[in-house]
Structures are given as structure tokens and as C-alpha cells.
Amino acid sequence: MTGNDIVDMRVAATESNWRRKGFLEKIFSLQEQEYIKDSCAPDEMVWKLWTMKESAYKAYTRQFGGRFYTPQKFSCTVLSATTGLVVFNNIYYQTNTITTKNYIYSIARPAGVENPDLINSYFYLPQTHYYKTQSFIYKKIIACYNSVTGQIKKNLAVVKDKNGIPFLSCGIDLQVPVSITHHGQFAAFTIH
């Protein structure tokens, strides 16, 4: 089980005012607000914590089902510049985060799972229209899976279950979990 999330820093800077009254209190715990306050790059810290929470949320909902919005209840601990821990309902998720000037990208997996068998890809999106973006990402997922496994499967597709959780599917013979994220000009996926 994995989850992932990416934030385009340029889009976040123009579309999200995290400094507005009440935003931090609604999304982040007191400890997380301290991380932001004490950071020499508070914008990066806000979106790092957000991607950690969102990636853990995706892993949790894949594991246990349901859809809900309670970001403050996903409690983050920053362990290093690239690693962290997120806790929700006594379930722990390890996170790995990549921070660049253009984007912040996090992957979450259940704590204690070392080196999961995971295909991970993050990339620039050439299109901005949603339907073209989705098609572009789905094609990249299928091409990546075929390349890594060395198997060319006909009728391979990315489908979503009743809860909107994506899978790589080829009929009943193949159901592989996929986590997909995109924001602004960047996208990523994991295949587990």
C-alpha cells in the first residue's frame, strides 16, 4: 500500500494563501505549526507537511476504504529533510519527500515496510487540459508497467474502484494498486 502527493510550488504560491487567518489551525496540529514557524523556508514546510498528510491519506483509504476530509487528524513528525512519519487512527506511515524549487513530492507507505516492491515516477506535464492530462498520465503508467515487467499486456488500463481508488487492470487476471497525483505542471505515480 502506498500513497503519493505532489505540489507545484508556482501554482501553490499563486492559488493558495496559507497565511490567511485560520488556515494553519484548520489543517495543521500545534507541532506542525511550530515546524512551519521555525522553518527558514515556511512555504516549503507547509507544502511538505501537506504532501505527507495527503500521501498518508491515500495509503490509508486504499488500505481501509472510505473518503473523508480531516487533514489535522493526520499527525506529521519530520524526521529529516527527506523522511517523516504520519499517524492517523494509530496507523503509522513512513514518508519520503523530494523537495525542489519547482515541486514537493511525498510517498507514504505503512511504517515498518522496508524497500517495498514499488515503481515510482514523477515528471513534468506538457498539457494543462484535465482530460488530456489524465490520458497522458494513464499512458505513462501503462508504458512504465510494460517496460519494467517486460510484459506487453493487451487491454491494460487504469481503472478506478467504487471509491475512486485507481488500479492497473487487465480484466480479472491483473489488479495492481496505483497511486496517482498531479498538480499544476507536475505529476507522479506509484505502482505497487
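In this numbering scheme, every chain counts its residues from 1 along its sequence in written order. Owing to the predicted nature of the model, reporting of local features is limited to residues with pLDDT of at least 70; listing and counting of side-chain atom pairs is limited to 80 or more, with chain, interface and lining totals taken over all residues. No hydrogens and no water enter the side-chain calculation; it runs on all heavy atoms of the structure.

### Quick notes on the sheet that holds strand β7 (residues 157–160)
Whenever strands of a sheet pair, they do so through backbone hydrogen bonds, lying parallel or antiparallel.
Piece 1. Ordered by their spatial adjacency, five strands build an open sheet running β6-β10-β9-β8-β7, and the pairing between neighbours is antiparallel. Edge strands, defined here as strands with exactly one partner in the open sheet, are β6 (119–124) and β7. Between one strand axis and the next, the sheet turns through 30° on average, direction left out of account.
Piece 2. Strand pairing follows a simple DSSP-based rule, namely that at least 2 bridges must link the two strands. Secondary structure elements are defined from DSSP: runs of H or I of at least 4 residues count as helices, runs of E of at least 2 residues count as strands, and each element is numbered from the N terminus. In this structure, strand β8 (residues 166–169) lies alongside strand β9 (residues 175–183), joined through three bridges in antiparallel fashion. Paired with S169 across the two strands is Q175, which belongs to β9.
Piece 3. Contacts are residue-level and defined by heavy atoms, with any inter-residue pair within 4.5 Å sufficient. Axes here mean lines fitted to C-alpha atoms, for a helix over just the part in contact, with angles spanning 0 to 180 degrees between N-to-C directions. Relative to the sheet, helix α4 (residues 42–64) contacts β8 and β9, its axis offset from that of β9 by approximately 150°.

### What to know about the sheet that holds strand β1 (residues 3–8)
Piece 1. If you trace the five strands from one edge of the open sheet to the other, you get β1-β5-β4-β3-β2, paired in antiparallel fashion. A single partner strand is all that each edge strand has here, and the edge strands are β1 and β2 (75–78). Between one strand and the next, the sheet's axes are offset by a mean angle of 25°, whatever the strand orientation.
Piece 2. Direction of pairing for β1 relative to strand β5 (residues 103–110): antiparallel, over a ladder of six bridges. Bridged to D5 within β5 is S106.
Piece 3. The strands touched by α4 within the sheet are β1, β2, β3 (83–88), β4 (91–99) and β5, with β1 carrying the most contacts at an inclination of about 150°.

### Quick word on the environment of D161
Piece 1. Structurally, D161 is set in the loop between β7 and β8.
Piece 2. Polar contacts, as used here, are pairs of N or O atoms within 3.5 Å; protein pairs need one atom able to donate a hydrogen and one able to accept it. Residues neighboring in sequence count only if both atoms are side-chain atoms. There is a polar contact of 2.8 Å between the side chain of D161 and the backbone nitrogen of N163.

### Observations regarding the pairing of β1
Piece 1. Relative accessible area decides the class of each residue, using a 1.4 Å probe on protein chains only: under 20% of the type maximum gives buried, over 50% gives exposed, and in between gives partly exposed. Here β1 lies mainly inside the structure; six of its six residues are buried.
Piece 2. Of the two faces of β1, the one carrying G3, D5 and V7 and the one carrying N4, I6 and D8 are both buried.

### A closer look at the pairing of β8
Piece 1. Both faces of β8 are covered, namely the face carrying P166 and L168 and the face carrying F167 and S169.
Piece 2. Where β7 and β8 come together, four bridges link them in antiparallel fashion. Residue pairing for β8: V158 is matched across the bridge by L168.
Piece 3. A loop of five residues connects β7 with β8, the two strands running antiparallel in sequence, and G164 in this loop sits at a positive phi of about 80°.
Piece 4. Adjacent in sequence and paired antiparallel, β8 and β9 are bridged by five residues, among which G171 carries a positive phi angle near 65°.

### Topic: the pattern of salt bridges
Piece 1. Salt bridge criterion: a side-chain nitrogen from Lys or Arg within 4 Å of a carboxyl oxygen from Asp or Glu. In the structure shown here, the tally under the stated rule is two salt bridges.
Piece 2. One salt bridge in this structure joins R19 and D43, with 3.2 Å as the shortest N-O distance. Taken as a pair, R19 in the loop between α1 (9–15) and α2 (23–27) and D43 in helix α4 lie far apart in primary sequence, 24 residues in all.
Piece 3. Residue R19 is classed as exposed on the basis of its relative accessible area of 52%.
Piece 4. Among the salt bridges present, the one from E32 reaches K53, with a minimum N-O distance of 2.9 Å. Here the residue E32 occupies a position in helix α3 (residues 30–38), and K53 occupies one in helix α4, the gap between them amounting to 21 residues. Both residues of the pair, E32 and K53, belong to the buried class.

### Some words on α4
Piece 1. Take the residue count of a helix, subtract one, and multiply by 1.5 Å to get its expected span. With 23 residues, α4 ought to run about 33 Å at 1.5 Å a step, and its terminal C-alpha atoms sit 32 Å apart, in line with that.
Piece 2. Most of α4 sits out of view: 17 of its 23 residues are buried.
Piece 3. One or two steps after α4, the chain reaches G65, where phi turns positive at roughly 85°.

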